Amino acid sequence: MAATIVIVANEKRRKTRRKSQLKGESGTMELDADNDGNISPDELMLDFGGIHMRADIMLERMKLEDGLLGFIQQMPLFLLCLICFLVAISILSPAEETSAIHQHLEAHFGLGDVGNIKDVAGIYAFVTAFEQKNLEMMPTSADYWCEHRYYQYAWNDHYQIPTSTCNSPRYTALGLQSAPVWTNGSGTSSSGHRRLAGSHTDTDGPTATHDNPPCEDNDTAYALEEDKPNITCEEDASHACGIDLGILLCPKTCGYCAPFEYESLKRFGKPQLTLLPSVLFQTRLEETACHGFAATIQVQNYNPLLSLLPALDGKKKGNILKCIDRNQQQTSEYALYLDCPDHTPSHRCVDGKVGIGTKQSFHGETVYAEMLIESSKLLTGMQKVGWIDIQTDRVCVSTMVYTEGVEMFTSLTVEFSFDEAGNVEGAVHMITYRDLTREAASDFAGCLITTCVGAFISIVSLVAYLCCHPEQYNLGLMLYEIISRLVLFIYPLILLISWTQQQLMSHEYDLLMQAFMHNEGMDAEHVKHSVAEYFKVKTVIYEEADWLERHRIAAYIVLYVQFLQMVLAFNVHPRVAMLTSTIQKALHNMMHFFFVFAILFLMLAFMANFLLGGRIHLFGTFGEACSAQVRMLFGEFIYADGVEVLSGTALVMYWLYAISFMLIVFFTLLNFFLAIIVDAFVDVKNYTGELRVTQSFFSDLCWMPWSAYLHRKYKLPPRKKLVKYFTEALKSYNSAEKGAENNSGFPLLSARALIEEFGVEEAPICQWLCHIEKLSTVPLIHYHTSDEGVASREVGEVVENQHEPEEADANTVSDQRSEPLCAQVV
């Protein structure tokens, strides 16, 4: 540590001695009247005619200050617009809350296992577990409520706590619990009378959407469903009351008459809740005639001698295969049409067929949907009839989740798709929409309006500057800056207008719930109608969620445009522009590198897919092969999963591919890329090391107020004019004859030339030069007396299209125009 301090101190003293030595060589120490080692403005005034300045250092400083001045003028307004926009989109779609919601849903529903499901049986098992978890988040499910007459609240001596139980035979009939089963006394109240419909209505709190249905048995419908003519509910009570048909058609016999009153069985303790049972739906592909070898199999012969191979030894009724058209969606009324067996209810059998899976429409697409009421019974029936079969294109299970407190609504859909080989690919889609309350809505609108106003002001100022001084700007960078402000003006305006046209998601969720609550019954036709209404509302929810997702993507693009703008904005200072300067310097080599890299990378990916895709799943498709190579590029693996089963030629081919990839791409090309970047960075670093009057970004930024004060106080010329003036001075110096070079080799410019060009007095120039001298690492000011033979040229006589001096004869003017703009010490 001490050695480091000594080294730093020695380096500082060395630089101090070097600058002092250079000052001595520049001649400025002759003006140091008080011998304090520094030149003051008053000391420069002693012989102002001999004062010269280095034009290159002045140009470097003026360019820097001009850029920093523009940065200071534009950046606060830009940052205000950007921050307001960030706040607005964070209000609309808060990432932290959304992440927490999605994380909890992933854990609750076991969504992490979706990718591991590879067959139809796994899909059914997942949907069964999904609906069970859905009911756990549904505060109105039977898990949390028990009918009053079956509710028991008693003290538990073992646990020393009060406990609740629900011995409801109706719950058993619905498959919600295993016991108790219905008996002849199950449907009676505590007074011993069979429970009939009552007329008492509680006017406090929620009210019924419909009147209580009459408490009577529908013996005709029951006999029709059971296909047992003349049977009645009372005669078949032991069977009817143990299944859901008894609940719907035999309420009087079974004692299942409304009204029902419920007691809380256990408290609902979750911040997230679902409203309704899940909905399972699928899209299907149209059946078509078989072609190719499939047509041969379809008419396969049989051999009666193959008695040990059933089905190959006899004639088969029906098609062997079912072939599908993957370009045509099925649009029939039902998903499946099965032959009607004996005792099929007549109203279910139409033209000898019974339809399974009703048709619905979901955002313009035909789907076949079932609401998972009595999910265990429904899913078991689906498995038995093969509801998911070869015609199934996608299977989705969906539910709607509400998170109280933050007023956020989540559409959760788990999708399973099938490819040509029957492989199952699982995916999870979660979109969370936030309803903005009054205060949040005001903040959101206010931030977007502020963004638009600030961006508009910025656009006007940039266009005005560009029109007034077109020659003083990099046209490409200025146009990009104007475009970035236009994006920051137009998009928030579009977002604000489109947001005002959206319905509150709470309103849509309420419609979704009411579509089910206003159902006229629980028979198949009424349930079908409820599902149709459900999908109508869900389509609107889908569109609003899709609107949010589109704007999230659009906002990301806007932010990326502003990100690039911020990177370019820091080009005002060489020391913070090292990123863009390095990329700019390396761009030519990088383009050639990426051209070679892309060809070799894609060629190797094709080779891996073609040779190894059938054996190693990582290379199964061209896209997967490219993805695997990216992971290999970052050193994640070289020994891919599945290589251990390879042998012979396949193993040799894999290692030939792997070694080629490692040698050519990983070791060679990757290091080439690093070398290109490092080489360009070294050049940029050397350039910044040669800067004479540029300090750190923060130091120069802190000096800007003082510099602005000097310019305002002494009415110094605008920096853009000074940049133009010193640029032309250096051009004149560089074009001068080499034989007239001075001893120092510096492009010196007489301080008096500034007076004649801009009309500035001597004292302000001395103050200004002393200020810049303090910032320079080498002497800016050079002093040469008149007898040293300084040949200087008046600036006003050199710049093209400038007028000639009023008091000068023709010979003098001609002589002056033949001299360089900057002083050359003889």
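Report on the accompanying structure.

Regarding the pattern of salt bridges
Scanning the model with the defined rule gives 21 salt bridges in all. Across the salt bridge formed by D244 and K377, the nearest N and O atoms sit 2.5 Å from each other. Placement of D244 in helix 9 (residues 244–249) and of K377 in helix 12 (residues 375–385) is noted, with a sequence separation of 133 residues between them. Since its relative accessible area comes to 52%, K377 is described here as exposed. Note that R394 and E365 form a salt bridge whose closest N and O atoms lie 2.9 Å from each other. Placement of R394 in strand 13 (residues 392–403) and of E365 in strand 12 (residues 365–371) is noted, with a sequence separation of 29 residues between them. Overall, E365 belongs to the partly exposed group, its relative accessible area being 25%. Residues joined in a network through salt bridges with shared partners are R61, E65, D700 and R719.

Notes on the state of the cysteines
Summed over all chains, the structure comprises 6 disulfides. Through a disulfide, C241 is tied to C254; the S-S separation comes to 1.8 Å. Taking the sign of the S-S torsion, about -90° here, the bridge from C241 to C254 comes out left-handed. Of this pair, C241 sits in the loop between helix 8 (237–240) and helix 9 while C254 sits in helix 10 (residues 251–254); the two residues are 13 residues apart in sequence, bridging distant segments of the chain. The class for C241 is buried, based on a relative accessible area of 1%. Disulfide pairing is shown between C340 and C349; the S-S distance is 2.1 Å. Looking along the S-S bond of the C340-C349 disulfide, the torsion reads about 115°, which is the right-handed sense. By relative accessible area, C340 is classed as partly exposed at 22%.

Considering the packing of aromatic side chains
Scanning the entire structure with this criterion turns up 37 aromatic pairs. Centre to centre, the rings of Y151 and Y153 are 6.4 Å apart; their planes meet at 10°, and the pair counts as stacked. Residue Y153 is classed as exposed on the basis of its relative accessible area of 56%. With 5.2 Å between their ring centres and 75° between their planes, Y654 and W655 make a pair best called edge-to-face. Among the aromatic residues, ring-to-ring pairing joins F619, Y639, Y654, W655, Y657 and F661 into one connected group. Across the ring face of F260, the terminal group of R170 is positioned such that the distance to the ring centre comes to 4.1 Å.

Quick word on the pairing of strand 3 (residues 151–156)
Sheet topology places strand 3 next to strand 4 (residues 161–166); 6 bridges connect them, and they run antiparallel. When the sheet's bridge partners are listed, A154 is paired in strand 4 with T163. Between the antiparallel neighbours strand 3 and strand 4 lie 4 residues, among them Q160 with a positive phi of about 60°.

With respect to the sheet that holds strand 17 (residues 781–783)
Taken in spatial order, the 3 strands make up an open sheet running 16-1-17, and their pairing is antiparallel. One side of each edge strand has no neighbouring strand; the edge strands of this open sheet are strand 16 (748–750) and strand 17. Pairs of neighbouring strands in the sheet enclose a mean axial angle of 40°, with direction left out of account. Pairing analysis gives 3 bridges linking strand 1 (residues 51–54) to strand 16, with the strands arranged antiparallel. Across the sheet, R54 pairs through a bridge with L748, a residue of strand 16.

Digging into the packing of helix 13 (residues 438–468) against helix 14 (residues 475–500)
Put simply, helix 13 and helix 14 touch, their axes get as near as 9 Å, and they point 155° apart. Compared by their axis directions, helix 13 and helix 14 come out roughly antiparallel. As helix 13 runs across helix 14, the sense of the crossing is left-handed. For the contact of helix 13 with helix 14, a count of residues per class yields 24 nonpolar, 2 polar and 2 charged.

Remarks on the nonpolar core
In this structure, F444 and F535 are the most contacted members of the largest nonpolar core, which totals 48 residues. With 10 residues, helix 16 (residues 524–569) is the single largest residue contributor to this core. Contact partners of F535, with chain neighbours within four places excluded, come to V279, F281, Q360, S361, F362, V367 and A369.

Structural notes on helix 23 (residues 762–775)
Compared with the 20 Å implied by 1.5 Å per residue over 14 residues, the 21 Å span of helix 23 between its first and last C-alpha is a close match. Among the residues making up helix 23, those that are buried are P764, I765, C766, W768, L769, C770, H771, I772, E773 and L775.

Overview of the environment of W706
Residue placement: W706 occurs in helix 20 (residues 697–713). In sequence terms W706 and H771 are 65 residues apart; their C-alpha atoms lie 9.2 Å from each other.

Parameters and conventions
Residues numbered from 1 in each chain as written. Predicted model: local features only at pLDDT ≥ 70, side-chain atom pairs only at ≥ 80, totals over all residues. Heavy atoms only, no water. Salt bridge = Lys/Arg side-chain N within 4 Å of Asp/Glu carboxyl O. Helix = DSSP H or I, 4+ residues; strand = E, 2+ residues; numbered from the N terminus. Buried < 20%, exposed > 50% of the residue type's maximum accessible area, 1.4 Å probe, protein only. Disulfide = S-S within 2.5 Å. Phe/Tyr/Trp six-rings, centres within 6.5 Å; stacked < 30°, edge-to-face > 60°. Lys NZ or Arg CZ within 6 Å of the ring centre and 35° of its normal. Pairing = 2+ DSSP bridges. Axes fitted to C-alpha atoms, helices over the stretch in contact; angles between N-to-C directions. Parallel < 35°, antiparallel > 145°, perpendicular 65-115°, else oblique. Left-handed = near helix turned anticlockwise from the far one by under 90°. Nonpolar A, V, L, I, M, F, W, Y, C, P; charged D, E, K, R; others polar. Core = buried A, V, L, I, M, F, W, Y, C linked by side-chain atoms within 4.5 Å. Contact = heavy atoms within 4.5 Å. Expected span 1.5 Å × (residues − 1).

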